[in-house]
Amino acid sequence: MNKYFEFPFESKKPIVIAGSCSAETEEQVLETAKQISAQTDISALRAGIWKPRTRPNSFEGVGVKGLTWLKAAGKEIGKPVITEVANGKHVEEALKAEIDMLWIGARTTVNPFFVQEIAEALEGINIPVFIKNPVNPDLNLWIGAIERVHDAGINNIVAIHRGFSSFDQSVYRNQPMWEIPIALKANFPQLPIICDPSHIAGSRDLIQEVCQQALNLDYDGLMVETHLDPNNAWSDKEQQLTPLALGEMLKSLKPRQTQSGDIKFQNKLEELRLKIDELDNSLLKKLADRMALVAEIGEYKKENNVAIFQLERWKEILETRSKWASILNLDIESMHKLLSEIHSYSIKVQTEIMDEKAENPS
Ligand code: PEP
Ligand code: MN
């Protein structure tokens, strides 16, 4: 999967894309652009023209006329403009209006038919395409969408991480699940990736910390919903920042560099990593010892016709290990995940033993 990607911006990372969730009126788009531009040097101006909404009877976007407003506002501040496309017709209209860049929304990435239709509408056209993660935490769907657009001849692809929806209650509107974009990066090391903190956070007060985490993870940029009057925005009012708040938030972020040229830093890092290597090696040895015992128990359960899964034992494991973890100052939630993985692995080992045919069937 060694694909070639180009970053569509020359400016230093992290690049910033800002603008309102939706284009509402010509004045609102223009005024938002001007106020943002007075605060910070963005790389592109955003606005949604066609809005995919979860429930009917919400504002669904102003449609085609908004494209001209957006393009004009971009010209006014001398910046490229970007909007969301969800089908082939949208692509056609956006290209006609000379929109500079396109993004595919989370609700479209989930649908290979629409992504394919968009990819075909883009065949032979040189335009940067940003691809948001699908709403569900499915890495392959995200990869598939990137491949479809790439196969249409587009190298200027940027992934946008906007979080994943979940039935569970959380402080976030969409769970960041940072491990998924990290896995994406492992698949496509050259693929630029930016973070959309607005749709992850869902509320203004969490935007800064999500942005900082994206920078900590070496993201290439941010796309932040910014509106001149967020409380009266026609969509996503809780999560939009004012241009002034955007400027202040960006100033408060601590930039991180991909690497440090400082030899002292590198030596120290190398020394600590060697220690980690040793520890990982002993962790794996311990795990192998544990699995040998698990296999022994598996044989024993088989001989005695006892079920593999024992709820009481699992509860006991979770309870005791949670106590041990907290004494060791380990994060309980992460430890639960790790123990669940180890437990599934153990069940797999014992299942294989139970399923083994008797060696000397009589
Ligand atoms: C948006 O960017 O306004 C939007 C609709 O985003 P998402 O596709 O991430 O929900
Ligand atoms: Mn939005």
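Note that residues are indexed from 1 along each chain, following the sequence as it is written. Chains carry letters from A onward and ligands carry numbers from 1 onward, assigned in written order. Thresholds applied to this predicted model are a pLDDT of at least 70 for local features of residues and 80 or more for the giving and counting of side-chain atom pairs; totals over whole chains, interfaces and linings are not thresholded and use all residues. Values reported for side chains reflect all heavy atoms of the structure, with hydrogen atoms and water molecules removed beforehand.

*Asks:* Mind laying out the overall build of the protein chain, listing which residues take part and the relevant values?
*Replies:* Only DSSP runs of H or I reaching four residues or more are called helices, and only runs of E reaching two or more are called strands; each is numbered from the N terminus. The secondary structure content of the protein chain amounts to 13 helices and eight strands. Summarising its shape, the C-alpha atoms of the protein chain cover approximately 80 × 55 × 40 Å along the three principal directions. By residue count, 43% of the 362 residues in the protein chain fall in the buried class. A contact between two residues is defined here by any heavy atoms of the two lying within 4.5 Å. Taking as baseline every contact in the protein chain between residues at least 6 positions apart, the subset at least 24 positions apart corresponds to 73%. Using the Shrake-Rupley algorithm and a 1.4 Å probe, accessible areas are obtained, with residue cover drawn only from the displayed protein chains. Split by element, the accessible area of the protein chain, about 20200 Å² in all, is 53% carbon and sulfur. This count recognises Lys and Arg as positive and Asp and Glu as negative, with His and chain-terminal groups excluded. Here the site of a charge means atom NZ of a Lys, CZ of an Arg, CG of an Asp or CD of a Glu. A gap of 3 Å separates the mean positions of the 41 positive and 52 negative side-chain charges of the protein chain. For each residue, the accessible area found with a 1.4 Å probe, counting protein chains only, is set against the maximum for its type, and the residue is called buried under 20%, exposed over 50%, and partly exposed in between.

*Asks:* Quick one: what's the story with empty space enclosed by the protein, residue by residue and with numbers?
*Replies:* Put simply, the grid is 1 Å and covers the protein atoms alone, a cavity is a trapped set of points that fit a 1.4 Å probe, a pocket is an open set with protein on both sides within 12 Å along at least five of seven lines, and lining residues have an atom within 4 Å of a point. Grid points are joined across faces, edges and corners, and a volume is the space filled by probe spheres set on the points. Evaluated as defined, the whole model comprises one cavity of 30 Å³ or more. The calculated volume of the largest cavity comes to roughly 40 Å³. Around the largest cavity, the lining residues are Gly19, Ser20, Gln28, Val29, Thr32, Ala33, Leu45, Arg46 and Ala47. Among the elements of the structure, α1 (26-39) and β2 (44-46) are those that each provide at least two residues to the lining of the largest cavity. The greatest single-element share of the lining of the largest cavity, amounting to four residues, is contributed by α1. Residue composition of the lining of the largest cavity, by class: four nonpolar, four polar and one charged. Three categories are distinguished: nonpolar for Ala, Val, Leu, Ile, Met, Phe, Trp, Tyr, Cys and Pro, charged for Asp, Glu, Lys and Arg, and polar for the others, with Gly belonging to the last.

*Asks:* How would you summarise the coordination of the manganese ion (ligand 2) if you had to cite specific residues and measurements?
*Replies:* Excluding water, the donors of a metal are its N, O and S neighbours within 2.8 Å, or within 3.2 Å for Na, K and Ca, and that exclusion means sites may look incomplete. The coordination sphere of the manganese ion (ligand 2) contains the protein donors Cys21 (SG), His199 (NE2), Glu225 (OE) and Asp236 (OD), at a distance range of 2.1 to 2.4 Å. With a relative accessible area of 8%, His199 lands in the buried category.

*Asks:* Account for helix α12 (residues 311-327), naming residues and giving values.
*Replies:* Spanning 17 residues, α12 covers 25 Å between terminal C-alpha atoms, matching the ideal 24 Å at 1.5 Å per step. For α12, the complete set of buried residues consists of Trp314, Ile317, Ser322 and Ala325. Along the long axis of α12, the arc covered by the buried residues comes to 125°, so they all point the same way. In α12, those exposed residues whose orientation departs by more than 90 degrees from the buried face are Glu312, Glu319, Lys323 and Ile327. Where α12 is buried, its residues meet α11 (263-303) and α13 (332-355). Phi for Asn329, located one or two positions after α12, is positive at around 65°. A helix's residues, less one, multiplied by 1.5 Å, set its expected span. The arc under discussion is defined with respect to the helix axis, by the directions toward the C-beta atoms.

*Asks:* Residue-level account of the pattern of salt bridges, with values.
*Replies:* A pair can form between side chains of opposite charge whenever their charged atoms are brought close. By convention in these notes, a salt bridge is any Lys or Arg side-chain nitrogen within 4 Å of a carboxyl oxygen on Asp or Glu. As enumerated under the stated definition, the model contains eleven salt bridges in all. A salt bridge links Glu225 to Arg46; the shortest N-O distance between them is 3.3 Å. Here Arg46 lies in strand β2 and Glu225 lies in strand β8 (residues 221-225), a separation of 179 residues in the sequence. Taken individually, Glu225 and Arg46 each receive the classification buried, so the pair is uniform in this respect. Three or more residues joined by partner-sharing salt bridges are found here, namely Lys13, Asp218 and Asp220.

*Asks:* Can you tell me about the domain arrangement of the protein chain, naming the residues and giving the values?
*Replies:* Domain start and end points were adopted from an automatic or database domain assignment. Per the domain assignment, the segments making up the protein chain are domain 1 (15-252) and domain 2 (263-355). With centres defined by C-alpha atoms, the gap from domain 1 to domain 2 works out at 40 Å.

*Asks:* Give me the lowdown on the environment of Ala44, citing residues and values where you can.
*Replies:* Looking at the element boundaries, Ala44 is found in strand β2. The buried category is assigned to Ala44, whose relative accessible area is 0%. Taking the C-alpha atoms as reference, Ala44 lies 5.0 Å from Pro80; in sequence the two are 36 residues apart. Discounting residues that sit within four places of it in the chain, Ala44 has contacts with Phe9, Val16, Ile17, Ala18, Pro80, Ile82 and Met101.

*Asks:* Tell me about a negative patch on the surface, residues and numbers included.
*Replies:* Residues qualify for a patch when their relative accessible area is over 30% and they have no salt bridge, like charges being joined within 9 Å and the nonpolar side chains of Val, Leu, Ile, Met, Phe, Trp and Tyr within 5 Å. On the surface, Glu296, Glu299, Glu303, Glu352, Asp355 and Glu356 cluster together into a patch of negative charge. For the negative patch, the elements supplying multiple residues, two or more each, are α11 and α13. Note that Asp355 resides in helix α13.

*Asks:* Summarise the site of ligand 1; cite the residues concerned and give the values.
*Replies:* Throughout, near means a residue has at least one heavy atom within 4 Å of the molecule or strand. The environment of ligand 1 is made up of Cys21, Arg46, Lys51, Glu84, Trp103, Gly105, Ala106, Arg107, Lys132, Arg162, His199 and Glu225. Two N or O atoms count as a polar contact when they lie within 3.5 Å, although within protein this holds only if one can serve as hydrogen donor and the other as acceptor, and sequence-adjacent residues are included solely when both atoms are side-chain atoms. Take Ala106: an N or O atom from its main chain is 2.8 Å from an oxygen atom of ligand 1. Starting from 300 Å² of accessible surface for ligand 1 in isolation, the protein chains cover 97%. Residues belonging to the shell around ligand 1 are distributed by class as follows: three nonpolar, two polar and seven charged.

*Asks:* Explain the packing of aromatic side chains to me, using residue names and the numbers behind them.
*Replies:* The pairing test for Phe, Tyr and Trp rings, Trp by its six-membered ring, is centres within 6.5 Å, and the orientation test on the planes gives stacked under 30 degrees, edge-to-face over 60, and tilted for anything in between. Per the counting criterion, the structure on display carries six aromatic pairs. Plain terms: the ring middles of Trp178 and Tyr219 are 5.8 Å apart, the flat faces sit at 75° to each other, and that makes the pair edge-to-face. Highlighted residues: Trp178 in the loop between β6 (157-161) and α7 (179-187) and Tyr219 in the loop between α9 (207-216) and β8, separated in sequence by 41 residues. Per residue, the accessibility class of Trp178 equals that of Tyr219, and both read buried. Taken together, the ring pairs in this structure connect Phe7, Phe9 and Phe130 into an aromatic cluster.

*Asks:* Account for the layout of surface pockets, naming residues and giving values.
*Replies:* A probe matching the size of a water molecule, rolled over the atoms, marks out where space remains unfilled. Its boundaries defined by the atoms lining it, the largest pocket holds a volume of some 650 Å³. Lining the largest pocket are 18 residues, and of these Leu283, Leu287, Leu338, Leu339 and Ile342 sit closest to its centre. Elements represented by at least two residues in the lining of the largest pocket include exactly α11, α12 and α13. In the lining of the largest pocket, the residues fall into twelve nonpolar, one polar and five charged. By residue number, the principal contributor to the lining of the second largest pocket is α11, which donates five residues. When grouped by side-chain class, the residues that make up the lining of the second largest pocket number seven nonpolar, four polar and four charged.

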